Amino acid sequence: MVACGGKSRSDGHAAPVDSVTPPKPAEACFGLGTELVGSQLEQRALSVLGVALPADVPDPSEPNPLVRGQQLVAAIEQALDGPSIPSASHDVLRGFVSRVLRESDPPTPLDLPDSVAAAMQGELDRFVEHWVAAQDATLHALLTSPTTFVNQELAAHYGLAAPPSGKWSEVELPADQRAGILTLGAFLTRRPSPPSRATRLAEMLTCYLVPPPPIGVSVWNQWPERAAKDIVLEKYGDDSPTCWGCHRPYIGFGIALARYDRLGRYSETVNGTPIDTSYRFLLPSRQIPAAQREAGAEPVEIAFSTPLDLGSQLSQSVGVKACLVTQLNEHLAAAGLSDDQLSCVLRELDAKDGSFTSLLAILAPHYLPNP
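Anyway, here's the lowdown on the structure attached to this text.

**Re helix H13 (residues 307–315)**
Part 1: For H13, the set of buried residues is Pro307, Leu310, Gly311, Leu314 and Ser315. Buried residues along H13 cover an arc of 125° about the axis, so they all sit on one side.

**A short note on the pairing of strand S3 (residues 147–150)**
Part 1: Of the two faces of S3, the one carrying Thr147 and Phe149 and the one carrying Thr148 and Val150 are both buried.
Part 2: In terms of strand pairing, S3 meets strand S4 (residues 169–172) through four bridges, oriented antiparallel. When the sheet's bridge partners are listed, threonine 147 is paired in S4 with glutamate 172.

**Brief notes about the packing of aromatic side chains**
The description of two aromatic rings rests on the distance between their centres and on the angle between their planes.
Part 1: Here the structure, examined in full by the defined rule, presents five aromatic pairs.
Part 2: Taking the centre distance of 5.8 Å and the plane angle of 25° together, the rings of phenylalanine 96 and phenylalanine 356 count as stacked. With phenylalanine 96 in helix H3 (residues 87–101) and phenylalanine 356 in helix H16 (residues 356–367), the pair connects residues that are 260 residues apart, well separated along the chain.
Part 3: Accessibility expressed as a relative area gives 1% for phenylalanine 356, which makes it buried.
Part 4: Among the aromatic residues, those joined into a ring-pair cluster are Phe96, Trp131 and Phe356.

**Overview of empty space enclosed by the protein**
Part 1: In this structure the tally under the stated criterion is four cavities of 30 Å³ or more.
Part 2: In this structure, the largest cavity spans a volume of roughly 110 Å³.
Part 3: If you trace the largest cavity, you find 13 residues lining it, with Val100, Leu142, Ile181, Met204 and Leu324 closest to the centre.
Part 4: Mapped onto the lining of the largest cavity, the elements with two or more residues apiece are H3, helix H5 (139–144) and helix H8 (194–206).
Part 5: It is H3 that provides the largest number of residues to the lining of the largest cavity, a total of four residues.
Part 6: Of the residues that constitute the lining of the largest cavity, the class distribution is 13 nonpolar, no polar and no charged.

**Here's the deal with the side chain of lysine 229**
Part 1: Secondary-structure assignment places lysine 229 in helix H9 (residues 228–236).
Part 2: Only 2.9 Å separates the side chain of lysine 229 from the side chain of aspartate 276, close enough to count as a polar contact.
Part 3: Within polar-contact distance, the side chain of lysine 229 engages the backbone oxygen of serine 278 at 2.8 Å.
Part 4: Non-local contacts of lysine 229, meaning those with residues more than four positions away in its chain, are made with Ile255, Asp276, Ser278 and Tyr279.

**Considering the pattern of salt bridges**
Part 1: The tally for this structure, following the rule as stated, stands at 13 salt bridges.
Part 2: Put simply, Glu77, Glu348 and Lys352 are held in one network by salt bridges that share partners.

Quick notes on the rules
Residues numbered from 1 in each chain as written. Predicted model: local features only at pLDDT ≥ 70, side-chain atom pairs only at ≥ 80, totals over all residues. Heavy atoms only, no water. Buried < 20%, exposed > 50% of the residue type's maximum accessible area, 1.4 Å probe, protein only. Helix = DSSP H or I, 4+ residues; strand = E, 2+ residues; numbered from the N terminus. Arc of directions from axis to C-beta. Pairing = 2+ DSSP bridges. Phe/Tyr/Trp six-rings, centres within 6.5 Å; stacked < 30°, edge-to-face > 60°. 1 Å grid on protein atoms, 1.4 Å probe; cavity = no way out; pocket = protein on both sides within 12 Å on 5 of 7 lines; lining within 4 Å. Points joined across faces, edges and corners; volume = space filled by probe spheres on them. Nonpolar A, V, L, I, M, F, W, Y, C, P; charged D, E, K, R; others polar. Polar contact = N/O pair within 3.5 Å; in protein donor to acceptor, adjacent residues only side chain to side chain. Contact = heavy atoms within 4.5 Å. Salt bridge = Lys/Arg side-chain N within 4 Å of Asp/Glu carboxyl O.

What follows is the structure in structure tokens.
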């Protein structure tokens, strides 16, 4: 089967460049102009992605810009499918995760010790390194992986057994407690309350901008003495009062992470009462292309009890994929994607099992030509 961004073998890996059969033009996501076929394109691929292109790829004699784009994708996929991802490509993904998380925002709890905050940053750095190197930078692993890294101080903060070496160690955490990047302390402490976590997740995963609350109005004045879900049900119930129109598309994210306190520590109770994190809500889907909408991709209701449930469903959502693809494209300073281009990239992302390393190749014909 030929995917829209490059030729795939039955094992899911990119075929060697010299075996690529030129596809029909409609099967390529992006065309590639002739003005950059040569040394300038090679230099950009090397500087942006760390990928050295063969001198004859893409073929300068090929008249079809979509076929040239397909050839470029195949060449970059082959490089990214090697034993280690090029450092420049790793930096692109690392910068993308930083952008999505707004990692530049400092941890907000004033009583979080600086040394613990630094350890959380170290955990995030190692998590992303492992995600790229060992998990093929898949969206599913980013949102569901129970693998993380702790040192003695962070293990004590999380209530885990100290690493036997006394240094940084890889650990597998209980999947019902922590799963994926959303449950790392580096994210949780930057967004220490349910509404702040919910608004940021809605923005970063669905590209939904939550409107600011009315001045002087807060429904969260009982948190953290009461669980987030209890507050939501008391204020809104299952009906649709005036405030529900704004809260409904995002508040479920905050409930999913309600077992983590403002310092990123896990607990199953609050004031002796069990914390219930089961919930269901409709995902916003503003980024879904028209073709997917017509095929019934929206609206999507998700139901979850744990962060693992949430992450697993988010990783399969067309709207989440579309939002992240759009953000990655913007991170690479490209022009906006057309509806047809985004649809094509989403099909390719699905064919690649959500691999963001492959996305770097798929998007390459679009953004490498930019100065």
